[in-house]
Amino acid sequence: MAASNTADIIEAFIEEAGLEGGFPPAIVQDIDGDLLTLYVGYLASTLSQLSECTFEVASASIQWPNELGDLAVVVPKLRLDKSSNLPNTAAQLQKEFPPNPLFEHPFEDGVNLRFYFKPDMLARLLLVYIIDRGKAYGTNRLPGDASKIEESGHKKVIVEFCSPNIGKEVDGYHSRSALVGNYVSSLFENMGWNVVRANFVGDWGKHIGLLAAAWSRFKSEEELQAAPMAHLLEIFRKANELSRQITAEKQQNNGSEIDIDAEKDEFFRLLELHDPDSIALWQKFKDIFAAEHNKFFERVNIKFDDQNGESSFRQETMQNVEAALKEKGIYKESDGAWILDFEKLNIPGLRNTIARFRNGTTSYLLRDIAAFYERQDKYVFDLMVYVASSTQSTHFDQLFKVLEVLEGPDVLSKVKHLSVAKMQNQNVRSEGSGIMLQDVLDDCRTAVATLIEVSPDDMSEFPQDDPGLTESLGLSGLVVQTLSHRHSAPVVVDVDKIATNDGHTGIALQQWYLALRLRLKGVTISRDDLAAAQLSLLSAEDYADVLRLLIQYPGIVKNTFKKPSYEATVLLAYLFRLVDGIGQVWECVKDEDEGGSSSKDEVAENALFECVRQVLENGMRILGIVPLEL
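Residues numbered from 1 in each chain as written. Predicted model: local features only at pLDDT ≥ 70, side-chain atom pairs only at ≥ 80, totals over all residues. Heavy atoms only, no water.

Draft legend 1. Seen up close, the sheet that holds strand β4 (residues 112-115). If you walk across this open sheet you meet the 4 strands as β1-β2-β4-β3, and the pairing is antiparallel. What marks the edges here is a single partner per strand, and that holds for β1 (62-63) and β3 (107-109). Taken together, the 3 bridges between β3 and β4 define a ladder with antiparallel strand orientation. Following the sheet pairing, E108 is matched in β4 by L113. Its contacts with the sheet place helix α3 (residues 36-51) against β1, β2 (71-74) and β4, and it is angled at close to 30 degrees to β2. (Pairing = 2+ DSSP bridges. Helix = DSSP H or I, 4+ residues; strand = E, 2+ residues; numbered from the N terminus. Contact = heavy atoms within 4.5 Å. Axes fitted to C-alpha atoms, helices over the stretch in contact; angles between N-to-C directions.)

Draft legend 2. Examining the packing of helix α18 (residues 469-483) against helix α20 (residues 506-519) more closely. Two numbers describe how α18 lies on α20: the axes approach to 7 Å, and their chain directions differ by 120 degrees. Compared by their axis directions, α18 and α20 come out oblique. Every residue of α20 that contacts α18 at L473, S476, G477 and V480 is listed here: G506, I507, L509 and Q510. Its residues placed into classes, the contact of α18 with α20 shows 4 nonpolar, 4 polar and no charged. (Parallel < 35°, antiparallel > 145°, perpendicular 65-115°, else oblique. Nonpolar A, V, L, I, M, F, W, Y, C, P; charged D, E, K, R; others polar.)

Draft legend 3. Fine view of the packing of helix α15 (residues 364-379) against helix α16 (residues 393-407). At a minimum axis separation of 10 Å, α15 and α16 run at an interaxial angle of 50 degrees. By the angle class used here, α15 and α16 are oblique. In this structure, α15 crosses over α16, and the sense of that crossing is right-handed. Residues Y364, L365, D368, I369, F372 and Y373 of α15 touch α16, and the partners they reach there are H395, F396, Q398, L399, V402, L403, L406 and E407. Residue classes in the contact of α15 with α16 are distributed as 10 nonpolar, 2 polar and 2 charged. (Left-handed = near helix turned anticlockwise from the far one by under 90°.)

Draft legend 4. A look at the packing of aromatic side chains. A complete count under the given rule lists 29 aromatic pairs for this structure. Note on W204 and W282: the rings are 5.4 Å apart at their centroids and 90 degrees apart in plane angle, and the pair reads as edge-to-face. One end of the pair, W204, is in the loop between β6 (194-198) and α9 (206-218); the other, W282, is in helix α13 (residues 276-299), and 78 residues separate them in sequence. Given a relative accessible area of 4%, W204 falls into the buried group. Considering the side-chain rings of F561 and Y566, the 6.1 Å spacing of their centres and the 35 degrees angle between planes classify their relative orientation as tilted. Each member of the pair, F561 as well as Y566, carries the same accessibility label: buried. Here a set of aromatic residues connected by ring pairs shows up, and it is made of Y39, Y42, F97, F103, F115 and F117. Positioned above the aromatic ring of F357 is the side chain of K206, whose terminal nitrogen or guanidinium carbon lies 3.8 Å from the ring centre. Directly above the aromatic system of W338 lies the positively charged group of K326, at a separation of 4.5 Å from the ring centroid. (Phe/Tyr/Trp six-rings, centres within 6.5 Å; stacked < 30°, edge-to-face > 60°. Buried < 20%, exposed > 50% of the residue type's maximum accessible area, 1.4 Å probe, protein only. Lys NZ or Arg CZ within 6 Å of the ring centre and 35° of its normal.)

Draft legend 5. Region of the structure containing unusual backbone geometry. Located in the positive-phi region is H274, a residue other than glycine, with phi close to 60 degrees. One non-glycine residue with positive phi stands out, namely N346, at about 55 degrees. Inspection of the secondary structure assignment puts N346 in the loop between β8 (337-340) and β9 (353-356).

Draft legend 6. Layout of the environment of L509. Relative to the elements of secondary structure, L509 occurs in helix α20. On the accessibility criterion, L509 (0% relative accessible area) is buried. Residues L509 and V579 lie 70 residues apart in sequence; the distance between their C-alpha atoms is 7.5 Å. Not counting chain neighbours up to four residues away, the residues in contact with L509 comprise V480, L575, F576, V579, L616 and M620.

Draft legend 7. Representation of the side chain of T139 in the model. Here T139 lies in the loop between α6 (119-133) and α7 (149-152). Classification of T139 by relative accessible area gives buried; the value is 12%. At a separation of 2.7 Å, a polar atom in the side chain of T139 contacts the main-chain carbonyl oxygen of A136. (Polar contact = N/O pair within 3.5 Å; in protein donor to acceptor, adjacent residues only side chain to side chain.)

Draft legend 8. Main features of the pairing of strand β5 (residues 156-161). The element β5 is largely enclosed, with a buried count of 6 among its 6 residues. Burial of β5 is two-sided: the residues K156, I158 and E160 facing one way and the residues V157, V159 and F161 facing the other way are all buried. Relative to β6, β5 runs parallel, the two being bridged by 5 bridges. Bridge assignment links V159 to a residue of β6, and that residue is R197. As for the winding sense of the linkage, the β-α-β connection from β5 through helix α8 (residues 172-190) to β6 is right-handed. (Right-handed = clockwise from strand over helix to strand, strands pointing away.)

Draft legend 9. Representation of the sheet that holds strand β11 (residues 415-420). Strand order in this open sheet of 4 strands is β6-β5-β10-β11, and the pairing throughout is parallel. Edge positions in the sheet fall to β6 and β11, since each of these pairs with one other strand and no more. Going across the sheet, the axis of each strand differs from the next one's by a mean of 20 degrees, ignoring polarity. Examined bridge by bridge, β5 and strand β10 (residues 383-389) share 5 bridges and lie parallel to one another. Pairing of I158 across the sheet is with M384, part of β10.

Draft legend 10. Seen up close, the pattern of salt bridges. Under the counting rule described, the total for this entry stands at 34 salt bridges. The salt bridge partner of R299 is E471, with a shortest N-O separation of 2.4 Å. Taken together, the positions of R299 in helix α13 and E471 in helix α18 put the pair 172 residues apart, joining distant regions of the chain. Comparing R299 with E471, the two get one shared label, buried. Salt-bridge contacts for E605 lead to R519; the nearest nitrogen and oxygen are separated by 3.9 Å. Of this pair, E605 sits in helix α24 (residues 599-623) while R519 sits in helix α20, and the two are 86 residues apart along the sequence. In this structure R519 comes out as partly exposed when scored by relative accessible area, which is 24%. Overlapping salt bridges, with partners in common, bring together K135, E610, R613, E617 and R621 in one network. (Salt bridge = Lys/Arg side-chain N within 4 Å of Asp/Glu carboxyl O.)

Structure representation (structure tokens):
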């Protein structure tokens, strides 16, 4: 069906049903983004007329029921006058509730009044509503060119995630951050925000000095040519072990002729002075890691808008930050270094910390403060979400406290640490690629290939000639398993559970999506055909249950967005309820196909299938799953 504005259809329905003037202007406007608003608005309007409470009070009394009904009114929340002659109990409201085109007659359940939608009217309004909106269903985006979002006043968010360090492996924290951060970015985009995906690479700091010291001792040009990042990781591990060994000897008062820590510090000092030789070696390291990281990001469908690392800060910004800290009285010299004086602020749990070391080099915290200001100047953002390891909680407490001192308490509404716990691979490797998530994905791909080989009939919907099939299914399964856990809870990746289409898995979502695509191949649904379709067919229980799920989708996404940690668990549970529901309909349709069905029935069924397919696609894309094509 060609895209069109369904506002006129809704307005025509409101006029036909005699509901004009029953909704506040804000409600009418919101109907264009969420059809459920029509139902809630009509119910609130009717309740306010029956009981003479305000529309706002009536709206606040309406909620999603835990079990029975599609909507429930908590009658005590209406704050009705018991001495009035107007209806003031659930039983009285039930008796007085007028016949209407949207709801079946309500039933009393204690203090609640419960309502079911009329399936035929729901089908009439909802199917055309979803088909017209397509990929925009469940979003809060403005129509038209996405590049105009900023001009329209939509908010801007920077989501910083993954952010690996040069010289170190992309570990379970960075890997978890990559998947969660990509999902959170998509969720914000879905809600109409202008999103900047940022990868704040750890390409500056003392660990770069340690890698340089490792290079001078353990480098092998031959091994570097064969496996560049793997060789740098190996020599970094050797240097790190040597550093720990020397530190232990010093603690035992045993001198050592080798002082690798001094070499590390000196290299970083020269790097901050932009010594040409030091810069050249640093650039070599940076290019090697960037090349491997970017291959990985492409593999997991992550595209960053900003990959400026810690090295990108301007000296002018750093000088301004340090001057402001001194002016606020929380920056002081101590034993040759400059420290942030948190003790002066009497903040429990925050100790004084070094911002600039004795040799003049900067700390990670000082660079992160500078990055805030440079991003603020560049992007003029409304919110910055740091999707980062739970082990960095103290760092972000320090960062946010410094920003509060410098900018005032309002700045705290502009920054947020979304804490993620560690991802672990159940299959422990003796050697890895240096990118933990990449190793896990390799395992998933192998397991999916085995599943296809041993169970070809169960996987018949999938395009077997697609060379990227096992990769796509493995990633889909990994995303679902990861996001099924709360972000703050550790995840142990179970590849065997990922590589199955039985149950609530990523493969199952992709399989249902493709099954619907196959069913709808070559099908076009026109407005005229839909108007003439036998929509009463969709009043049957299994069909009506799916319609009720479909109308909930925009609200599910909004509620997911409102959660403090943007947990994906509710959205995932919803998508699996939807595929479970369409599975029941699928069985009914197979029986009808065998017995013969009318073309009008087929149009109604295909319209329902198209709406489910569209909602599955929209939900999967938010999660970071790319739906497979035929």
